[in-house]
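Fold and contact review
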Amino acid sequence: MKTAYFPGCSMAGTSREFSSSLKEVLALLNIELNEIDDWSCCGASSAHVTSHLLATALPARNLNLASQQGYDEIFAPCAACYSRLLMVSREVNNNKKMAAKVEDVLGEKLLPTPNVVNLLEYFTQIDKEKLAQLKKIDLSGLNVACYYGCLLVRPNGINELDDSEQPASMEALVSITGAKPVDWNFKTECCGAAHSIPHTNIVEILSKKIIDDAVAHKADIIVVGCPMCHSNLDMRQRKIKKDYPDTKETPILYLTELLGLSFGIDYNKLGLNLHYIDPIKLIEKRLEKEAVK
Amino acid sequence: MKIGVFVCECGENIGRTVDCKKVAEIASHYPGVAYSVDYKYMCSDPGQNLIKKAIEDYKLDAVVVGSCSPHMHEKTFRKVCSSMGINPYLVEIANLREHCSWIHDNIAEATDKAADLIRLLVEKVKYNEPLFPIHVPVTKQALVIGGGISGIQAALDIANAGFKVVMVEKEPSIGGHMSQLSETFPTLDCSQCILTPRMVEVYQHPNIKLLTYSEIENVEGFIGNFKVTIRKKARSIKEDLCNGCGMCIQKCPNKKTAKSDFDEGLTTRTAIYVPFPQAVPNIPVIDRTVCTYYKNGKCKICVKVCGRDAIDFEQEDTILTEEIGAIIVATGYKLYTIDKKPADSPIQGYGEYGYGQYKDVISGLQFERIASASGPTAGEMKRPSDGKEPKKIVFIQCVGSRDESKGFSYCSKICCMYTAKHAMLYKHKVHDGEAYVFYMDIRAGGKNYDEFVRRAIEEDGVNYIRGRVSRIYEENGKYIVKGEDTLAGLPVQIDADMVVLATAMVAQPESPKLAQILSIPYDKYGFLAELHPKLHPIETSTGGIFLAGSANSPKDIPECVAMASAAAAKTLVLFGSDMLEREPIVAKVDESTCIGCLYCKKVCPYNAIEIKEIRNRNGELIKTVAYVNTGLCQGCGTCNATCPSKSVQLLGFRDDQIFAQLCAFADTI
């Protein structure tokens, strides 16, 4: 299995900490990511409400590039990129008419599509023992709400990794660090997603509900695997707190950041210093408390 | 050979598009045809007489009738010819209605085609040989598989008609799902009150042999002559000694080791148990997976307290065989558990409703137990988590049913009615409570059914909301039910104390395995398939095996009972004669050319091919050949098509007969 890495726009921009923490963690596992040469936009958010053909052709180009470059799997850590690549790979495989149109637009023949995996699938494939061996710091004392959002374990019936309504695969990975995943209600509720820009108020309402429910179930932090979720829950949190002062400040971490913490990687290398809601203070407090115990 | 051709106009049905006079004229020139005529209604009395007279006048020895489908009148015309001394299998029917006039509108072309269809059969009938019905004896003992209401009804009907019945039930008690129910729609009469007397009747009936805690191991043979092997699982109790005093159950120290299936997991039971106090037979069974003795060899308290030495830890499964004439399959249904996605199921599950996660989100059968006077709360409305009376309750219909994306595409049929009943029972017990029902459509077809639902809405004030629920979650001890009111076009949110999910009825998981043992078909959901959805809803494609109840498809109690009585009637028809007459359209092996490769045995869907050894006078084996059991053979012809040496031929449809038709067909184009 030769795996290509599709970073997408977020990993290079708004979610740099996702990218750096991922790379740091994989470096400890001696895994180097091979970026698809000449990759382009996956079309998420805007393309599929503009033109179905455009939304299909953009990911199809990237899928085809990966195949041309000899990869049989694409790892897309961004949940939106993952979703677009997965859906398009299904569409061109099942809809011959669409596949012909896409070939026409791209001006090239479509090769068999590579397998598309997301963050959870990628890490679930890695031997648990190997990950456990890397653990240097036990994070017990830290209560974690695992938030999957709308894309990581969907669409139902296509993404076979986990139950789409009551998933548990992220909890299994979080448990490796010693942190305690809490049982809560909104693992797969909507965070407001791309409404962040045109209807920020909607995102505030929805994201607040998620944070409140996590807090009500005694979570210290929320762990995510999607740059969109992260920006809604982290970047918008100050505004949420301003409009709804009862909101309890809750750091939002990428799964890779949590793993990296437990593997003893430096805070700044993981990008924990780049968050709007500072996670470092809280984590240190929890770790100290545990040490005293 | 002198062949007569009779072309029927079927009123206007055929005559409108086919020029029957011309067809008869064309047919009269076919080689071998001695007489050819058309008539308006060939099946009528004058039509039949016309055939009879022609047979006599022209000394015909074979007949081809061009008429409606052979399904309709093949029997009629065979009977007519038979009465004139022509073997019925020298009569062929050309289907000029369904295969020609009804589907074409060009008169010239349809007329040509009709003439060709007759031509094909004229050529075939020249190769037909007289065939004679096969007679097989009938064993007048029925097997009823399943001891729910359907099985009970069928068994009692047959037994009361004076015939022997063996009833096999896999659970320790008969009664099935009906024994779990509180009240029944649309009359609200107590389920146990109407069922338990019938259970006792089965137990005490001199004509019924009741085998509980038993399963079907194997079925051989054919209609009228089945040989059934039954595994009687070890109860660890000597049934002849036990008097059902219940001392062992009282003293069993393993009080909470297993969940009670009867109470749908709402309570626990002991390791030695009867499923419920009214169980029939009232003989306990030891659950060896949880019993302390089977775990570590100690305890034996039940042995000490049993005054009749009935406990037998060493008891083993016993295998019984029974000679059976007819089998009624009444294995019932299971309720779909809407947990997370089950590992081996194509169904996605309904994680969003939190079943299995929240104690107060329960299934319809669990609600029945709570509402039942014999249930864990003695019929008081108490929710499982904390025993409080729920003041607000939500019922969700169609969980798993009618859901192509996450569940099954079929309608479970009974849920609209039982949900209305549940809501009513709730309102009768909690007067100040609020009941909400989320529904897609209300399907209340049945006698007094719609009136019943209206009563729930109008008299008992149940709130019906048309729409689906997207999510249920817990918040401060309440269950937040988020859904949509599609009539108002608004989202709704209800903070409920308890939620009841009307989950789909699904086939028993063992149903496909049983179907394979019985050689009967089942559908993609595992429900057992009837022979014809309208005209043969009770029969299966295997002669002598009948269906009753929800093993076939979701059904309510009245339907199950009606179907069970119908299956009993079919069985009694079979038992009405000593010998069975079967159509001789069966396969036959030419033993001189058969090489015994037995490919035919592999492909036969009815297990009708046996191995026959041919020995010389000294008893030495010369060769083995295939042998067709004519009682089992259904005449499908698969063996005929498979045989590499063409030694197996389906009588009535032999290769030479088909070739004759093909050659004639080649001539027409």
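Conventions we followed
Residues numbered from 1 in each chain as written. Chains lettered and ligands numbered in written order. Predicted model: local features only at pLDDT ≥ 70, side-chain atom pairs only at ≥ 80, totals over all residues. Helix = DSSP H or I, 4+ residues; strand = E, 2+ residues; numbered from the N terminus. Buried ≥ 20, exposed ≤ 12 C-beta atoms within 10 Å, placed from the backbone. Contact = placed C-beta atoms within 7 Å. Nonpolar A, V, L, I, M, F, W, Y, C, P; charged D, E, K, R; others polar. pLDDT = per-residue confidence, 0-100. Pairing = 2+ DSSP bridges. Axes fitted to C-alpha atoms, helices over the stretch in contact; angles between N-to-C directions. Right-handed = clockwise from strand over helix to strand, strands pointing away. Core = buried A, V, L, I, M, F, W, Y, C linked by C-beta atoms within 7 Å. Left-handed = near helix turned anticlockwise from the far one by under 90°. Parallel < 35°, antiparallel > 145°, perpendicular 65-115°, else oblique. Expected span 1.5 Å × (residues − 1).

A few words on the overall build of chain B. Secondary structure summary: chain B contains 17 helices and 34 strands in total. Overall, chain B is about 90 × 75 × 40 Å in size when its C-alpha atoms are taken along their principal axes. Expressed as a percentage of its 669 residues, the buried residues of chain B come to 46%. For chain B, contacts bridging at least 24 residues in sequence account for 70% of all contacts bridging at least 6.

Next up on the list: the interface of chain B and chain A. Taken together, the eleven residues of chain B in the interface contact seven residues of chain A. Taken together, the residues that form the side of chain B that touches chain A break down as one nonpolar, five polar and five charged.

On to the confidence of the model for chain B, then. On average, residues of chain B score 94 in pLDDT, and 98% of them reach the 70 mark or higher. Prediction confidence for the complex, expressed as pTM and ipTM, is 0.81 and 0.82 respectively.

Another aspect to go through is the sheet that holds strand 10 (residues 208-211) of chain B. Residues and elements named next belong to chain B. Strands sit in the order 10-7-6-18-29 across an open sheet of five strands; the sheet is parallel. Strand pairing shows two members of the sheet lacking a second neighbour, strand 10 and strand 29 (545-547), which therefore form its edges. With strand direction ignored, the average angle separating the axes of adjacent strands in the sheet is 20°. As paired strands, strand 18 (residues 326-329) and strand 29 are joined by three bridges and run parallel to one another. Residue pairing in the sheet places isoleucine 327 in a bridge with isoleucine 545 of strand 29.

On to the pairing of strand 21 (residues 392-399) of chain B, then. Residues and elements named next belong to chain B. In terms of burial, strand 21 is largely enclosed, as seven of its eight residues are buried. Pairing analysis gives five bridges linking strand 21 to strand 22 (residues 434-439), with the strands arranged parallel. Looking at strand 22, one finds that valine 394 is bridged to tyrosine 436. The parallel pair strand 21 and strand 22 is bridged by helix 11 (residues 415-429), and the resulting crossover is right-handed. Bridge count for strand 21 against strand 27 (residues 498-503) is five bridges, and the pairing is parallel. Note that in strand 27 the partner of valine 399 across the bridge is threonine 503.

Negative phi is the rule for most residues except glycine; trans is the rule for most peptide bonds. The omega torsion across Arg154(A) and Pro155(A) is 0°, close enough to zero to call that bond cis. The residue Pro155(A) is located in the loop between strand 5 (143-146) and helix 9 (169-175) in this model. Cis geometry is found at the peptide bond from Phe185(B) to Pro186(B), where omega equals -5°. If you trace the backbone, Pro186(B) turns up in the loop between strand 8 (183-184) and strand 9 (189-190). A positive phi angle, close to 70°, is found at Ser236(B), a residue other than glycine. Along the chain, the position of Ser236(B) falls in the loop between strand 12 (225-232) and helix 7 (247-251).

Let us look at the nonpolar core. If you look at the biggest cluster of nonpolar residues, it comprises 133 residues, and the most contacted ones within it are Ala155(B), Ile328(B) and Val499(B). When sequence neighbours within four positions are dropped, the list of residues in contact with Ile328(B) reads Ala142(B), Val144(B), Ala154(B), Phe546(B), Ala548(B), Ala567(B) and Thr571(B). Counting residues in hydrophobic clusters, the runner-up holds 81 residues, among them Leu65(A), Ala80(A), Ile221(A) and Ile283(A).

So, on to the packing of helix 4 (residues 107-125) of chain B against helix 17 (residues 655-668) of chain B. In a packed pair of helices, the relevant descriptors are the angle between the two axes and the axis-to-axis distance. Residues and elements named next belong to chain B. At a minimum axis separation of 8 Å, helix 4 and helix 17 run at an interaxial angle of 145°. Helix-helix and strand crossings are classified by hand; for helix 4 and helix 17 the assignment is right-handed. Between helix 4 and helix 17, the contacting residues are Asp116, Arg119, Leu120, Glu123 and Lys124 on the first element and Gln657, Ala660, Gln661, Cys663, Ala664, Phe665 and Thr668 on the second. When grouped by side-chain class, the residues that make up the contact of helix 4 with helix 17 number five nonpolar, three polar and four charged.

So, on to the packing of helix 4 (residues 52-68) of chain A against helix 5 (residues 79-94) of chain A. All names here are of chain A. At a closest axis distance of 9 Å, the pairing of helix 4 and helix 5 adopts a crossing angle of 90°. For the element pair helix 4 / helix 5, the angle class is roughly perpendicular. Facing helix 4, whose interface residues are Thr56, Pro59, Ala60, Asn62 and Leu63, helix 5 presents Arg84, Leu85, Val88, Ser89, Glu91 and Val92. Tallied by class, the residues present in the contact of helix 4 with helix 5 amount to six nonpolar, three polar and two charged.

So, about the environment of Val7(B). All names here are of chain B. Looking at the secondary structure, you find valine 7 in strand 1 (residues 3-8). Through-space distance from the C-alpha of valine 7 to that of aspartate 485 is 62 Å; in sequence the pair is 478 residues apart. Beyond its immediate chain neighbours, meaning those up to four positions away, valine 7 contacts Cys20, Val23, Ala24, Asp38 and Gly66.

Residues and elements named next belong to chain A. An order of 6-5-7-8 is seen for the four strands of this open sheet, with the pairing classed as parallel. Unpaired on one side and paired on the other, strand 6 (180-181) and strand 8 (252-254) mark the two borders of the sheet. Note that strand 7 (residues 221-224) and strand 8 share three bridges and pair parallel. Each bridged residue has a counterpart across the sheet, and for valine 224 the counterpart in strand 8 is tyrosine 254.

Bringing helix 5 of chain A into the picture now. Residue and element names in this part refer to chain A. Under the 1.5 Å per step criterion, the end-to-end length of helix 5 is 22 Å for 16 residues, consistent within 8% with the ideal 22 Å. For helix 5, every residue scored as buried is listed here: Ala79, Ala80, Cys81, Tyr82, Ser83, Arg84, Leu85, Leu86, Val88, Ser89 and Val92. Tucked inside the fold, the buried residues of helix 5 contact helix 1 (8-12), helix 4, strand 3 (73-75), helix 6 (96-106), strand 4 (115-117) and helix 11 (227-235).

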